[in-house]
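# Structural overview for review
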Amino acid sequence: MKKLTKALAVFSMVGGALFGTQALAEPFKIGICYDLSKAYTFATPQVSQAAMDLAKLINMKGGIGGEPVEVIVRDHGNEPQRGIECYSKLSREGVFVFDTLSTPVSLAILPRAMEDGRILMQSLVGRGDAVDGTVFDWVYPIGPTYWGQAANDVAYIKQLHDGDLSDVKVGFVYFDYPFGQEPIEILETLSEKEGFELELYPVPLPGSDQAGVWSKVRRDNPDHVIVWMLGGAHVVASKEMQRNRIPMDKYISVNWLNEVDIANIGKEAAKGIKRGTNVVGGQDIALYQEIMAELYDKGEGSGPIEKTQDVFYNTGLAMYSIMFEAARKAAEAEGLPITPTSYKAGLESLEGFDANGLMAPITVTAEDHGGGGKTRIEMWDGETWVPQTDWISEYTDVVWDVVKKSSSKYEQ
């Protein structure tokens, strides 16, 4: 952050040369209220580092419309009250775009953001029904909801069985709290619709004891196992699968499975494991390579380079590319300073945006704040992740039925 501050100071001195005699406007700020100390630390360092790197790169190029950008990172420890305090303090400092990367904190902030007319970004966390922009007009869960991810997993399984799931058994292994439970309604609906048998396997937190679960999976012998867990729980699951001689290629994880997990499982042992994702993994990405050349090769990165070699860093690049692209569109359409209203319009003008191949293309509208919900399934081949599908968004009618049913019950 000291380097970023110094860079902005230098940038302000040359601002007149770049943009005439007019001084640079106040920075466009994004408030990153994250859990940097407790439950979500398997992902928040990589995501926040990506946000800071992207802000640096944008400022090196002259900011947005001549206005510098700034990301303000604070720790809420996954505690709703601390999250509210972060939101309130940064709001007083002129921030009107927030991200929490925490479902409990997002739920706590949401009614305040709605009342205050501030933008709450909640990719991959928070209320799944907030994709309904007709109800949650200031909330943007851009990216796939867990409902949409689970539906796309079923579509992939259907593809493997030549379009017929009538004799297929699908297991669902999940953390037995809201994050893990969220896809159950979609899976039960699709089970009835497609005729596959669904078996549920709840895992008590923190996921360190899964022996009983995988012994039952071995006995039931499902054809595929969709898994909704995080971090080290994947490692525990893989060991139990090996002990029970369950093939790894049955495993289809939620997006929260990264290179650290693969290393801890073992590159060879993990061969065949699958995950759903809405971002491209690896480092063969134009934006990543530009950041390496412009920042890390010059000693200007925002953290250790090891953190960048992780799909969660790419996830952060995707999330903040969306946020800064919306700011660019707002400045282009309505000029500076960017306001909550112009920024909202910027978000809702994103069409087919994929950050130059970094992620699934998104299209945001006033009605659909999720961007389309596309994901793809990837498989670890022992060395890298290999796509098994194109970017897909399937069973959207089923997903939106659940969205509308849930959002209709929201009362501000």
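Values in this document were obtained by computation on a predicted structure and should not be read as measured data.

As for its placement among the helices and strands, Thr308 is situated in the loop between helix 11 (286–294) and helix 12 (311–334). A distance of 2.8 Å separates polar atoms of two side chains, one belonging to Thr308 and the other to Tyr288. Beyond its immediate stretch of four places on either side in the chain, Thr308 contacts Gln49, Gln283, Tyr288, Met292, Tyr296, Tyr313 and Asn314.

What follows concerns the packing of aromatic side chains. The full count for this structure, using the stated rule, is 18 aromatic pairs. Note on Trp214 and Tyr251: the rings are 6.3 Å apart at their centroids and 15 degrees apart in plane angle, and the pair reads as stacked. A residue pair is termed long-range when its members are at least 10 positions apart, and Trp214 in helix 8 (residues 211–220) and Tyr251 in strand 9 (residues 251–253) qualify at 37 residues. We note that Trp214, like Tyr251, is buried. Of the aromatic side chains, those joined through ring pairs into one cluster are Tyr146, Phe172, Tyr174, Phe175, Tyr177, Phe179 and Trp228. We note Arg275 situated over the ring of Trp385; from NZ or CZ to the ring centre the distance is 3.8 Å.

Within the structure shown, the criterion is met by 18 salt bridges. With its nearest N and O atoms 3.8 Å apart, the salt bridge here joins Lys405 to Glu185. With Lys405 in helix 14 (residues 396–407) and Glu185 in helix 7 (residues 184–194), this pair connects stretches of sequence that are 220 residues apart. Relative accessible area serves as the criterion here: at 34%, Glu185 is assigned to the partly exposed category. Its salt-bridge partner being Glu325, residue Arg328 comes within 2.7 Å of it at the nearest N-O pair. Separated by 3 residues within a single helix, Arg328 and Glu325 lie in helix 12, roughly one turn from each other. Of the residues examined, Arg328 reaches a relative accessible area of 34% and is grouped as partly exposed. Taken together, the shared-partner salt bridges connect Lys38, Asp75, Glu79 and Arg82 into one network.

A few words now on the confidence of the model for the protein chain. Per-residue pLDDT for the protein chain averages 93, and the proportion of residues at 70 or more is 94%. The low-confidence segment residues 1–24, where pLDDT is below 50, has 25 contacts with residues more than four positions distant or belonging to other chains.

Bringing empty space enclosed by the protein into the picture now. Summed over the entire model, instances satisfying the criterion amount to 3 cavities of 30 Å³ or more. Its residues assigned to classes, the lining of the largest cavity comprises 11 nonpolar, 8 polar and 1 charged. Size it by volume and the second largest cavity reaches roughly 80 Å³. Forming the boundary of the second largest cavity are 14 residues, of which Leu124, Val125, Pro144, Thr145 and Tyr146 lie nearest the centre. When the residues that make up the lining of the second largest cavity are grouped by side-chain class, the tally is 6 nonpolar, 6 polar and 2 charged.

Rules and cut-offs
- Residues numbered from 1 in each chain as written.
- Predicted model: local features only at pLDDT ≥ 70, side-chain atom pairs only at ≥ 80, totals over all residues.
- Heavy atoms only, no water.
- Helix = DSSP H or I, 4+ residues; strand = E, 2+ residues; numbered from the N terminus.
- Polar contact = N/O pair within 3.5 Å; in protein donor to acceptor, adjacent residues only side chain to side chain.
- Contact = heavy atoms within 4.5 Å.
- Phe/Tyr/Trp six-rings, centres within 6.5 Å; stacked < 30°, edge-to-face > 60°.
- Buried < 20%, exposed > 50% of the residue type's maximum accessible area, 1.4 Å probe, protein only.
- Lys NZ or Arg CZ within 6 Å of the ring centre and 35° of its normal.
- Salt bridge = Lys/Arg side-chain N within 4 Å of Asp/Glu carboxyl O.
- pLDDT = per-residue confidence, 0-100.
- 1 Å grid on protein atoms, 1.4 Å probe; cavity = no way out; pocket = protein on both sides within 12 Å on 5 of 7 lines; lining within 4 Å.
- Points joined across faces, edges and corners; volume = space filled by probe spheres on them.
- Nonpolar A, V, L, I, M, F, W, Y, C, P; charged D, E, K, R; others polar.

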